[in-house]
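Descriptive structure summary
Here is what each chain is made of, one letter per residue.
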Amino acid sequence: MTFFDLARRNVSRHWLRSVLAVIGIVIGVIAIATLGIMGNSISLMFGDMVTDVGDTLVVSPATGVGGGKLTERQVDDITRAVGSNQVIPFASTADKISVGEKEGGAMLYAIPAGDIPSLLEVESGAYPRDTGAGCLIGSELAANSRENGLKLGARVRIGDETLRVTGVLEERGMGFDINPDYAIVVPYSWYSNHYDEDEYDQVIVKVRDVNDLDAVKESIEQRMNRREDVVTIMDTRGILESVFAATDSITVFLMGIGAVSLIVAGVSILNVMLMSVTERIKEIGVLRSIGTRRSEVMRMFIYEALFLGLAGALIGGALSFCAGYVVTAVFVGNPDYLFDPTSLLYIVFGMAFGVITSVASGFYPAWKAAQLNPIQALRHE
Amino acid sequence: MPVISFEHVSKVYPLPAGDVVALDGVDIAIEQGEFVLVMGPSGSGKSTLLNIMGSLDVPTSGEVTIAGNRIGGMDDDDLTLLRRDHIGFVFQQFNLIPLLSVVENVEYPLILKGRQNGARERAQEVLEAVGIAASHFTHTPGELSGGQQQRVAIARALVNDPDFLLCDEPTGNLDSKTGTAIMDLLDRMNREEGKTVVMVTHDPRMTGYADRTIRLVDGRVAE
Ligand SMILES: Nc1ncnc2c1ncn2[C@@H]1O[C@H](COP(=O)(O)OP(=O)(O)OP(=O)(O)O)[C@@H](O)[C@H]1O
Ligand SMILES: [Mg+2]
């Protein structure tokens, strides 16, 4: 028989209102944990979608200047501006393609053959040579069009020319530069011949040392945009940072909503505890008269709140796991995100908040109980 | 040295309608082993006197010494520990803890002292000594008769082997036969165990049990 025992018995004596108070905490814990998991899954999803983090600048023609293309000269200027860092100009277009009898449309990326290996990985087959009529196909395009005959070694007709698929690319995910997963990649020389085109859409600058990123950007600005804005420079790291900042604030916002429900739960604990104290004024007087210290009375009531909080946190934690599964599976489409340690941490976080809220709510009633005058408490009916 | 000593003790309750003087310059000395009755009309200050003896309350002025401890300047914790270690209370309304079984109620003061080992055995021993059958030990207080509850309350007061018992109308809620049985029990504890007993009562028949009677009138001791 201890103070904890006494608290436990009082909780179970009034089991109905204890259960109601616990339900409040359970809901609060679930709200914090699942909304946290949801926010976290969104940022995990962004993290997975975006490859090539941080070391890339994408230079595009400023809108309205020069018809939206970059000339060979401008590319040379950029190359000079960035020093020893690699410059990969590319063009893109969409065109009708046919494989055997089948026809369809596809996105084409034209990249100088020598630069392709430093930008894209081949999963099977080989990179096309600069002079030959070879091309690469994106992983998703390959997966979706196999039954149409678009596969390694197939012949693809574009206009009146035929390209042979020399390789299939690895999946790359969504990028800020190019998105080749659903596209065909051809050597720029072939593109230039075929379409009689010698300009580029964009230039990718691979910056070797991430710390130089700002300096390189500045250097391009200096050379290209001295009089008017000829190019705009996109810094993938900067974009990524703002995306992550946005998802972080979504997480905080969602958890804030959860926290509100926990505050409501805290108020109900406060209410139940105040009721418990009021009902037991006489009992507190007796306990005090037979030598129970203020701190011990206080402890007894804090334990009571702790008890409610622990029950709520345990039940809430278990249910959060289920709710988290539903949220990640239904809203984010990938339940694996639930099992990421950063997601599971939100369950622990929610549970801890549940316990802390309960104990904090029990503090004032417990303090009130401890401050009662023993004689007046004894006289209480 | 007396186990309880009051020197010029006064207790004043300041009220908006004017001060209420509950005790007015009371001098009392109670020796170890005495059985003392406190009598007097309603409102004469009997309960106030007992509360101060029990360190539940402190005097407005005067000097109080309880079991060798001067209570002037003690803080709430000191007073509480004084109650816990030296004083046993018995109330008119029994005041057992409804959440606890009979034996747990008696065990409770021992647990407060941090005595887990042997607490149960000691509680059972004292319960048997006050005449509670072992079959009742695990009952809740509500399942017992008034007389039985008061016996349990006396067992709870005695379990810590206090220096004295303070009883505020312990038979006030009992019929006269049960009341007499309780008086016999207290009398036995006084004569056989040498327990000092201070008891407030309205019943003049109780004077036969006591070594002496203190009469209070308007907060003063009347000789
Ligand atoms: N907390 C308090 N505040 C104000 N006045 C009080 C308080 N406690 C007691 N009194 C007053 O002090 C006086 C003595 O009260 P006390 O309870 O000691 O009387 P009593 O002799 O025990 O009476 P009874 O026989 O009715 O129990 C009374 O006039 C009472 O109104
Ligand atoms: Mg009284």
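Residues numbered from 1 in each chain as written. Chains lettered and ligands numbered in written order. Predicted model: local features only at pLDDT ≥ 70, side-chain atom pairs only at ≥ 80, totals over all residues. Heavy atoms only, no water.

Turning to the overall build of chain B, a few remarks are in order. Scanning chain B from terminus to terminus reveals six helices and ten strands. Taking 223 residues into account, the globule formula puts the C-alpha radius of gyration at 17 Å, and chain B, at 17 Å, falls close to it. The principal-axis extents of the C-alpha atoms in chain B amount to approximately 50 × 40 × 40 Å. The contacts of chain B with a sequence gap of at least 6 include a subset with a gap of at least 24, amounting to 73%. Of the roughly 9400 Å² of accessible surface on chain B, 46% is carried by carbon and sulfur atoms. (Helix = DSSP H or I, 4+ residues; strand = E, 2+ residues; numbered from the N terminus. Rg over C-alpha atoms; globule rule 2.2 N^0.38 Å. Contact = heavy atoms within 4.5 Å. Areas by Shrake-Rupley, 256 points an atom, 1.4 Å probe, with all protein chains shown as cover.)

Quick look at the sheet that holds strand β10 (residues 220-222) of chain B now. All names here are of chain B. The sheet built from six strands is open, its strands ordered β6-β7-β8-β3-β9-β10 with mixed pairing. The two strands at the open ends of the sheet, each matched to only one other strand, are β6 (87-90) and β10. The mean angle between the axes of side-by-side strands here comes to 25°, regardless of whether they run parallel or antiparallel. Two strands pair when backbone bridges link them, and strand β3 (residues 35-39) and strand β8 (residues 196-200) are joined in this way by four bridges, in the parallel orientation. Note on β8: the bridge partner recorded for Val36 is Val198. With respect to the sheet, helix α1 (residues 46-53) is in contact with β3, β6, β7 (164-168), β8 and β9 (212-217), its orientation differing from that of β7 by roughly 155°. (Pairing = 2+ DSSP bridges. Axes fitted to C-alpha atoms, helices over the stretch in contact; angles between N-to-C directions.)

Below, the discussion takes up the pairing of strand β6 (residues 155-158) of chain A. All names here are of chain A. Where burial is concerned, the two faces of β6 differ: the one with Val156 and Ile158 is buried and the one with Arg155 and Arg157 is not. Pairing of strand β2 (residues 86-99) with β6 involves two bridges; the strand directions are antiparallel. Looking at the pairing, Ile97 lines up with Ile158 of β6. Summarising the sheet, β6 and strand β7 (residues 161-169) pair through four bridges and their orientation is antiparallel. Bridge pairing links Val156 to Leu163 in β7. Connecting the antiparallel pair β6 and β7 is a turn made up of two residues, with Gly159 showing a positive phi of about 60°. (Buried < 20%, exposed > 50% of the residue type's maximum accessible area, 1.4 Å probe, protein only.)

Quick look at a nonpolar patch on the surface now. Residues and elements named next belong to chain A. A cluster of nonpolar residues, Trp15, Leu16, Val19, Leu20, Ile23 and Ile27, forms a patch on the protein surface that exposes about 610 Å² of accessible area. Looking at the secondary structure, you find Val19 in helix α2 (residues 15-49). Residue classification places Val19 among the partly exposed positions, given a relative accessible area of 37%. (Patch = residues over 30% accessible without salt bridge, like charges linked within 9 Å, V, L, I, M, F, W, Y side chains within 5 Å. Salt bridge = Lys/Arg side-chain N within 4 Å of Asp/Glu carboxyl O.)

A few words on empty space enclosed by the protein. One water molecule sets the probe size; rolling that probe over the atoms shows where empty space is left. Scanning the model with the defined rule gives three cavities of 30 Å³ or more in all. If you add up the space inside the largest cavity, you get close to 70 Å³. Lining the largest cavity we find Ser289 and Ile290 of chain A together with Arg83, Arg84, Ile87, Gly88, Phe89, Pro109, Arg156, Ala157 and Asn160 of chain B. If you list the elements that add at least two residues to the lining of the largest cavity, you get α2 (76-86), β6 and α5 (146-158) of chain B. Take the lining of the largest cavity: its biggest share by element is three residues, from β6 of chain B. Counted by class, the lining of the largest cavity contains five nonpolar, three polar and three charged residues. (1 Å grid on protein atoms, 1.4 Å probe; cavity = no way out; pocket = protein on both sides within 12 Å on 5 of 7 lines; lining within 4 Å. Points joined across faces, edges and corners; volume = space filled by probe spheres on them. Nonpolar A, V, L, I, M, F, W, Y, C, P; charged D, E, K, R; others polar.)

Time to look at helix α6 (residues 188-195) of chain A. All names here are of chain A. For α6, every residue scored as buried is listed here: Tyr188, Trp190, Tyr191 and His194. Considered in projection along α6, the buried side chains sweep an arc of 155° and stay on one side of the axis. Positioned one or two residues after α6, Asp196 has a phi angle of 50°, which is positive. (Arc of directions from axis to C-beta.)

Looking now at the domain arrangement of chain A. Think of interface size as the accessible area that goes away when the parts come together; that is how it is often given. Segmentation of chain A into domains returns domain 1 (3-49 + 241-379) and domain 2 (90-199). Taken over C-alpha atoms, the centre of domain 1 of chain A sits 57 Å from the centre of domain 2 of chain A. (Domains from an automatic or database assignment.)

Taken together, 14 residues surround ligand 1, and among them Ser42, Gly43, Lys46, Ser47 and Thr48 of chain B come closest. Close to ligand 1, residues of chains A and B are found. Ser42 of chain B is positioned such that a nitrogen or oxygen atom in its side chain is 2.5 Å from an oxygen atom of ligand 1. Contact distances for ligand 1 include 3.3 Å between an oxygen atom and a side-chain N or O atom of His202 of chain B. When isolated, ligand 1 has an accessible area of 640 Å², and the protein chains bury 71% of it. Every element with two or more residues in the shell around ligand 1 is listed here: β2 (20-30) and α1 of chain B. (Near = heavy atom within 4 Å. Polar contact = N/O pair within 3.5 Å; in protein donor to acceptor, adjacent residues only side chain to side chain.)

All names here are of chain B. Across the sheet, which stays open at both edges, the four strands sit in the order β2-β1-β4-β5 with antiparallel pairing between neighbours. Edge positions in the sheet fall to β2 and β5 (69-70), since each of these pairs with one other strand and no more. Sheet topology note: the strand β1 (residues 4-13)/strand β4 (residues 61-66) ladder contains five bridges and is antiparallel. If you follow Ser5 over to β4, its bridge partner there is Thr65.

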